[in-house]
Amino acid sequence: MLVVGDIITMDPAHPRADAMATSGGAIVAVGTPADAAAALPPGTVVHHAPGTVVPGLIDSHLHLQWAGLLLLRLLGEEPVAPDQALATLDAATLTEPWPDGEPTRAQRLAALRVIQPFVHALGITGVVDPALTPVELGAYVECQRRGELKTRVVAMPHPDLESGAEAAIAALEALGVGTGLGDDWLQLGGLKVYFDGVGMSGTALRREPWPGRERQADGHGWQRVSDSDFYAIAAYCARSRWSLGVHVVGGGGIDRVLETFAQINADIPIADLGFTLIHAYLEPSEANLGQTAALGVLVAAQPAIHWTNGVGLVQRLGNGVERANPIASWLDAGVTVGGGSDGPYFPLDPRLGLWQARTRQVAGTEVPHAPELGLDPTAALALYTTGAAAVSLAGSRRGQLQPGFLADWVALGVDPLSTSTEALRTMPVLETAIGGAIVYRSAA
Ligand SMILES: [Zn+2]
């Protein structure tokens, strides 16, 4: 296909183009319409893309299957307008258990049929689905086998650490699989390990005790894995070339995780493994920023969490916490940051994330949080393109529109680099293409 339009490539060497040629699901040329046409056989279909074309948006932390199950339960299998699905998800209570225990395989497949068109309508072409059990992973495999997987999924297996790291490692060894298994549609990412709790329940592991809990043994928060088990699993990952994503929210947790990574790195370099701090939004220190960059560790950040929790965190922790989720500081330190949502626990609309990363607005007040940490337009778009592609361990295949990359793009109703920040929040998604095939077109 010859795609002609106003194209933002996110390739620093050629930031803008007027055309790109796609063949076999990948991009084969980018440039002027004549350049691109020259790469294709005569008579190739010409597609005039509306609006402004950007690389397909990637959510580097979206529980896609769980979001699908939630939508399935609330709205059933009939297609609904994206706005209605968004409103339903935003209003949903997530604590209700699934009726009759666990979803069946058929329900999981139905959930994936429901959620994919919805995320395509938001411009999302790929996700990292963080923390999957074997049953959940199996549903993705079956979805792909049936030809129903139309979204790129990087699946992070969640090893069971209840019986200790040694047992989990033995189980992984027995499976004999590893990061990278799969293809451009469904691929194993890193292992997912939970190091601490979350911000709003006071379970994130802080350096200081949570206010009012100074006398409690767990006053600093909740460390969910022992130091020795964490070391064992992280060292196993480094040895066996598994990538590793660590859920860690509080500064005390970030300190411990990075110390462990540094210890392991002294023996086995980890810089090319895509080890990732997931969330890392509560009180990362200057030292954390530098150490993360030096180790080549990535950060998966979620503006939607700051948007949702900002006011509550200030109530609990005081004014300093307005500097939570300092994406600009990570970037300034040289860390690669992927954007995401942590949907369906937080609003999964990437337009909200882009807008929040620019403005640092939080829900419930007009006053932004440390707006000097707001990103410039290109850095914000990079979160959901090049940055999220890196966290997807696909930085050389996705996140940019350049030859050799996959033909995943989104046409937006505004130019996200020059439009007003306000317009970003509701910018129309006009079309979404994955692997050179258009999977969504707006009705308007
Ligand atoms: Zn999550």
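Scroll up to find the structure.
Fair warning: this is a prediction, and the values are worked out from it, not measured in the lab.

Definitions and cut-offs
- Residues numbered from 1 in each chain as written.
- Predicted model: local features only at pLDDT ≥ 70, side-chain atom pairs only at ≥ 80, totals over all residues.
- Heavy atoms only, no water.
- Donors = N, O, S within 2.8 Å, 3.2 Å for Na, K, Ca; no water.
- Buried < 20%, exposed > 50% of the residue type's maximum accessible area, 1.4 Å probe, protein only.
- Core = buried A, V, L, I, M, F, W, Y, C linked by side-chain atoms within 4.5 Å.
- Helix = DSSP H or I, 4+ residues; strand = E, 2+ residues; numbered from the N terminus.
- Contact = heavy atoms within 4.5 Å.
- Patch = residues over 30% accessible without salt bridge, like charges linked within 9 Å, V, L, I, M, F, W, Y side chains within 5 Å.
- Areas by Shrake-Rupley, 256 points an atom, 1.4 Å probe, with all protein chains shown as cover.
- Salt bridge = Lys/Arg side-chain N within 4 Å of Asp/Glu carboxyl O.
- Pairing = 2+ DSSP bridges.
- Right-handed = clockwise from strand over helix to strand, strands pointing away.
- Phe/Tyr/Trp six-rings, centres within 6.5 Å; stacked < 30°, edge-to-face > 60°.
- Lys NZ or Arg CZ within 6 Å of the ring centre and 35° of its normal.
- Axes fitted to C-alpha atoms, helices over the stretch in contact; angles between N-to-C directions.
- 1 Å grid on protein atoms, 1.4 Å probe; cavity = no way out; pocket = protein on both sides within 12 Å on 5 of 7 lines; lining within 4 Å.
- Points joined across faces, edges and corners; volume = space filled by probe spheres on them.
- Nonpolar A, V, L, I, M, F, W, Y, C, P; charged D, E, K, R; others polar.

Colleague: What is the right way to look at the coordination of the zinc ion in this model?
Modeller: The textbook angles at a metal center are 109.5 degrees for a tetrahedron of four donors and 90 or 180 degrees for an octahedron of six. Protein ligation of the zinc ion involves His61 (NE2), His63 (NE2) and Asp342 (OD), the donor distances falling in the range 2.1 to 2.2 Å. Donor residues for the zinc ion sit on one chain with the sequence pattern H-x1-H-x278-D. The same class applies to His61 and to His63, which are both buried.

Colleague: Would you mind going over the nonpolar core with me for this structure?
Modeller: As a rule of thumb, nonpolar side chains are buried together in soluble globular proteins. Ranked by size, the top nonpolar core spans 68 residues in total, and within it Phe230, Leu244, Phe261, Ile270, Phe275 and Leu277 carry the most contacts. It is helix H7 (residues 227–240) that provides the largest number of residues to this core, a total of 8 residues. Apart from the residues within four sequence positions on either side, Leu244 is in contact with Gly190, Leu191, Val193, Ala234, Cys237, Phe261, Gly274, Phe275 and Thr276. Listed in part, the 31 residues of the second largest apolar core include Leu71, Trp98, Leu112 and Ile124.

Colleague: Sorry if this is basic, but what is going on with a nonpolar patch on the surface here?
Modeller: Residues Leu175, Val177 and Leu181 make up a contiguous nonpolar surface patch of about 280 Å² in total accessible area. With a relative accessible area of 61%, Leu175 lands in the exposed category.

Colleague: Can you help me understand the pairing of strand S7 (residues 152–157) in this one?
Modeller: Along any regular strand, the residues point their side chains to alternate faces of the sheet. In terms of burial, S7 is a largely internal element, 6 of the 6 residues being buried. Both faces of S7 are covered, namely the face carrying Arg152, Val154 and Met156 and the face carrying Val153, Ala155 and Pro157. Two strands pair when backbone bridges link them, and strand S6 (residues 124–132) and S7 are joined in this way by 6 bridges, in the parallel orientation. Bridge pairing links Pro130 to Met156 in S7. After leaving S6, the chain enters helix H5 (residues 134–145) and then returns to the sheet as S7, a path that is right-handed. Of the pairings in the sheet, the one linking S7 to strand S8 (residues 186–188) comprises 3 bridges and is parallel in character. Residue pairing across strands places Ala155 opposite Leu188, the latter belonging to S8.

Colleague: Hey, could you run me through unusual backbone geometry in this one?
Modeller: Trans is the common state for peptide bonds, and a negative phi is the common state for residues other than glycine. Look at the link from Gly343 to Pro344: it is a cis peptide, with omega at 0°. Structurally, Pro344 is set in the loop between strand S13 (337–339) and helix H12 (350–359). The phi torsion at Ala131 lies on the positive side, around 90°, for a residue other than glycine. The topology assignment puts Ala131 in strand S6. With relative accessibility at 4%, the residue Ala131 sits in the buried group. A positive phi is found at Leu393, a non-glycine position, where the angle reads about 60°. By the element assignment, Leu393 lies in the loop between helix H13 (377–391) and strand S14 (409–412).

Colleague: Looking at this structure, I do not really get the packing of aromatic side chains. What am I missing?
Modeller: Per the counting criterion, the structure on display carries 5 aromatic pairs. Consider the rings of Phe195 and Phe230, whose centres lie 5.1 Å apart with planes at 75°: the pair is edge-to-face. Highlighted residues: Phe195 in the loop between strand S9 (191–194) and H7 and Phe230 in helix H7, separated in sequence by 35 residues. For Phe230, a relative accessible area of 1% translates into the label buried. A centroid spacing of 5.1 Å and a plane angle of 55° characterise the contact between Phe261 and Phe275, whose relative ring orientation is tilted. With Phe261 in helix H8 (residues 251–267) and Phe275 in the loop between H8 and strand S11 (276–282), the pair connects residues that are 14 residues apart, well separated along the chain. Neither Phe261 nor Phe275 differs from the other in exposure class; each is buried. Above the plane of the ring of Trp210 lies Arg206, whose end atom (NZ or CZ) is 5.4 Å from the centre.

Colleague: Would you take a moment to explain the sheet that holds strand S5 (residues 57–59) for this structure?
Modeller: Working definition: the strands of a sheet are paired by backbone hydrogen bonds and lie parallel or antiparallel to each other. Spatially, S5-S6-S7-S8 is the arrangement adopted by the 4 strands of the open sheet, whose pairing is parallel. Each end of this open sheet is capped by a strand with a single partner; those strands are S5 and S8. Averaged over all adjacent pairs, the angle separating strand axes in this sheet is 15°, with direction ignored.

Colleague: Sorry, what's going on with the layout of surface pockets here?
Modeller: Rolled over the atoms, a probe as big as a water molecule pinpoints where empty space is left. One number sums up the size of the largest pocket: a volume of about 440 Å³. As for the largest pocket, its lining consists of 21 residues, of which Trp66, Leu69, Trp98, Glu136 and Tyr345 are closest to the centre. Going through the elements one at a time, helix H2 (64–75), S6 and H5 are the ones with two or more residues in the lining of the largest pocket. Looking at the lining of the largest pocket element by element, the count peaks at 4 residues for H2. Looking at the lining of the largest pocket, its residues break down into 12 nonpolar, 4 polar and 5 charged.

Colleague: Is there a simple way to think about the pattern of salt bridges in this case?
Modeller: Close approach of charged atoms allows side chains of opposite charge to pair. Applying the stated criterion across every chain, the model contains 15 salt bridges. In this structure, Arg152 engages Asp408 in a salt bridge whose closest nitrogen and oxygen atoms are separated by 2.6 Å. Of this pair, Arg152 sits in strand S7 while Asp408 sits in the loop between H13 and S14, placing them 256 residues apart in sequence. Note on Arg152: relative accessible area 2%, which makes it buried. Glu372 is the salt-bridge partner of Arg323, the closest N and O atoms lying 2.8 Å from each other. In this pair, Arg323 is assigned in the loop between helix H10 (303–317) and helix H11 (327–332) and Glu372 in the loop between H12 and H13, connecting sequence segments 49 residues apart.

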